[in-house]
Amino acid sequence: MRFATKQDIEAPIADVFQILTDFETWERAAMRRGAEVARTDKLRSTAAGMRWAARFSYRSKPRSMELELTQIETPTLLRFAALAPSVEGVASVELMELGGKRTRLHLVLDVTPRSLTARLFLQSLRLARARIDRKFDQRTAQLAGEIEARYRAVKKY
């Protein structure tokens, strides 16, 4: 199942990319929301091959996921592979410069089931496609707002 959305961000592409690749900040944000996140690779800089193990609660059940940065092209592309016991997915974050101070973020998430239960869950999502797409768009808009706020906070100083 594929989810895709686009959001425009009031910040230059280089700054948006820098904020998106500040993985330590994103790790802390996930921990503040109740997830357990741990880096599992030994890389010292941002590069393909970075890995994380995450544990979190979803629908009142504990879940676990392995996440890997599989491709990075500065400043236009980040691609992640996610692997969980019941689903696997690929997330692609593409950035396009719209002008000196505007960037378009295109987020695509492909999810495939690995079990019968996951297949049934994804089928139920297909039945509520409009609502799921609306929530995905809202969450991506919230992410774009967070990026803009971080950009403004940095540029004040």
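Everything numeric here is computed off the predicted structure, so don't read it as measured data.

Chemist: Can you help me understand the overall build of the protein chain in this one?
Modeler: Helices and strands together make up the secondary structure of the protein chain, namely four helices and seven strands. Relative to the 2.2 N^0.38 estimate, which gives 15 Å for 157 residues, the radius of gyration of the protein chain is 16 Å and therefore close to what a compact globule would have. Judged by the C-alpha coordinates and their principal axes, the protein chain covers about 50 × 40 × 25 Å. Burial status across the protein chain gives 33% buried among its 157 residues.

Chemist: I would appreciate a short explanation of the packing of aromatic side chains in the present structure.
Modeler: The geometry of an aromatic ring pair comes down to the distance between the two centres and the angle between the two planes. For the coordinates displayed, the defined rule picks out three aromatic pairs. Geometrically, the ring pair formed by F3 and F136 is tilted, given 5.7 Å between the ring centres and 40 degrees between the ring planes. Here F3, found in strand β1 (residues 2-9), pairs with F136, found in helix α4 (residues 129-155); they are 133 residues apart in sequence, far enough to count as distant. Judged on exposure class, the residue F3 and its partner F136 are both buried. Seen from their ring centres, F23 and F80 are 6.2 Å apart, and the 85 degrees between their planes marks the pair as edge-to-face. Pair noted here: F23 is in helix α2 (residues 23-32) and F80 is in strand β5 (residues 77-83), with a separation of 57 residues, a long-range link. Three or more aromatic residues joined by ring pairs form one cluster here, namely F23, W52 and F80. Taking NZ or CZ as reference, R150 lies 4.9 Å from the ring centre of W26, over its face.

Chemist: Just to check I follow, could you spell out the pairing of β1 for this structure?
Modeler: Two faces make up the sheet, and in a regular strand the side chains alternate between them. Where burial is concerned, the two faces of β1 differ: the one with F3, T5, Q7 and I9 is buried and the one with R2, A4, K6 and D8 is not. Both β1 and strand β7 (residues 102-113) contribute to a ladder of eight bridges, which runs antiparallel. By the bridge assignment for β7, K6 is matched with H106.

Chemist: Explanation requested: the sheet that holds β1 in the structure shown.
Modeler: Backbone-to-backbone hydrogen bonds join strands into a sheet, with any given pair of strands oriented parallel or antiparallel. Taken in spatial order, the seven strands of this open sheet run β1-β7-β6-β5-β4-β3-β2, and their pairing is antiparallel. The strands lining the two open edges of the sheet, one partner per strand, are β1 and β2 (36-39). Here the average twist between neighbouring strands, direction ignored, is 20 degrees. Judged from the four bridges that link them, β2 and strand β3 (residues 51-58) form a sheet pairing that is antiparallel. When the sheet's bridge partners are listed, E36 is paired in β3 with R55. Together, β1, β4 (61-73), β5, β6 (87-99) and β7 form the strand contacts of helix α1 (residues 13-20), whose direction differs from that of β6 by roughly 155 degrees. Across the sheet, α4 is in contact with β1 and β7; its angle to β1 comes to roughly 35 degrees.

Chemist: Which parts of the structure should I look at to understand helix α3 (residues 116-127)?
Modeler: Helical geometry: 3.6 residues make up each α-helical turn, so side chains three or four residues apart lie on a common side. If you check α3, its first and last C-alpha atoms are 17 Å apart, about what twelve residues at 1.5 Å a residue would give, namely 16 Å. Structurally, α3 contributes buried residues whose contacts are with β1, β6, β7 and α4.

Chemist: Where do I start with the packing of α1 against α4 in this structure?
Modeler: The interhelical angle for the contact between α1 and α4, taken along N-to-C directions, is 105 degrees, at an axis separation of 10 Å. When the interaxial angle is binned, α1 and α4 end up roughly perpendicular. Contact residues: D15, V16, I19 and L20 in α1; I147, R150, Y151 and K155 in α4. Each residue belonging to the contact of α1 with α4 can be placed in one class, and the counts come to five nonpolar, no polar and three charged.

Chemist: I'm lost on the pairing of β4 in this one. Help?
Modeler: Sheet topology note: the β3/β4 ladder contains eight bridges and is antiparallel. Bridging from a neighbouring strand, R51 pairs with E68 of β4. Turn length for the β3-β4 hairpin, with the two strands adjacent in sequence and antiparallel, is two residues, and the turn residue R59 shows positive phi of about 55 degrees. Direction of pairing for β4 relative to β5: antiparallel, over a ladder of seven bridges. The partner of L69 across the bridge, within β5, is F80. Counting the residues in the hairpin turn of β4 and β5 gives three residues.

What counts and how
Residue numbers here run from 1 along each chain, matching the order of that chain's written sequence. Local features in this predicted model are restricted to residues whose pLDDT is 70 or higher, and side-chain atom pairs enter the listing and the counts only when it is 80 or higher, whereas totals over whole chains, interfaces and linings include all residues. Processing note: side-chain calculations cover all non-hydrogen atoms of the structure and skip hydrogens and water entirely. Per the convention used, a helix needs a DSSP run of H or I reaching at least four residues, while a strand needs a run of E reaching at least two, with both numbered from the N terminus. In this description the radius of gyration comes from C-alpha coordinates, and the expected globular size is given by 2.2 Å times residues to the power 0.38. The buried label goes to any residue with under 20% of its type's maximum accessible area, the exposed label to any with over 50%, and the partly exposed label to all in between, with areas taken from a 1.4 Å probe on protein chains only. Aromatic pairs are defined between Phe, Tyr and Trp rings, using the six-membered ring for Trp, whenever the two ring centres lie within 6.5 Å; interplanar angles under 30 degrees are classed as stacked, those over 60 as edge-to-face, and all others as tilted. Counting as a charge over the ring demands two things of the Lys NZ or Arg CZ atom: a distance within 6 Å of the ring centre and an angle within 35 degrees of the ring normal. Pairing between strands requires that DSSP locate at least two bridges from one strand to the other. Every axis in this analysis is a line fitted to C-alpha atoms, fitted for helices over the stretch in contact. Angles between the N-to-C directions lie between 0 and 180 degrees. The contact criterion used throughout is that any non-hydrogen atoms of two residues lie within 4.5 Å. In this scheme, a helix's expected span is set at 1.5 Å multiplied by one less than its residue total. Reported orientations rely on four angle classes, namely roughly parallel under 35 degrees, roughly antiparallel over 145, roughly perpendicular from 65 to 115, and oblique for the rest. Think of it as three bins: nonpolar holds Ala, Val, Leu, Ile, Met, Phe, Trp, Tyr, Cys and Pro, charged holds Asp, Glu, Lys and Arg, and polar takes everything else, Gly as well.

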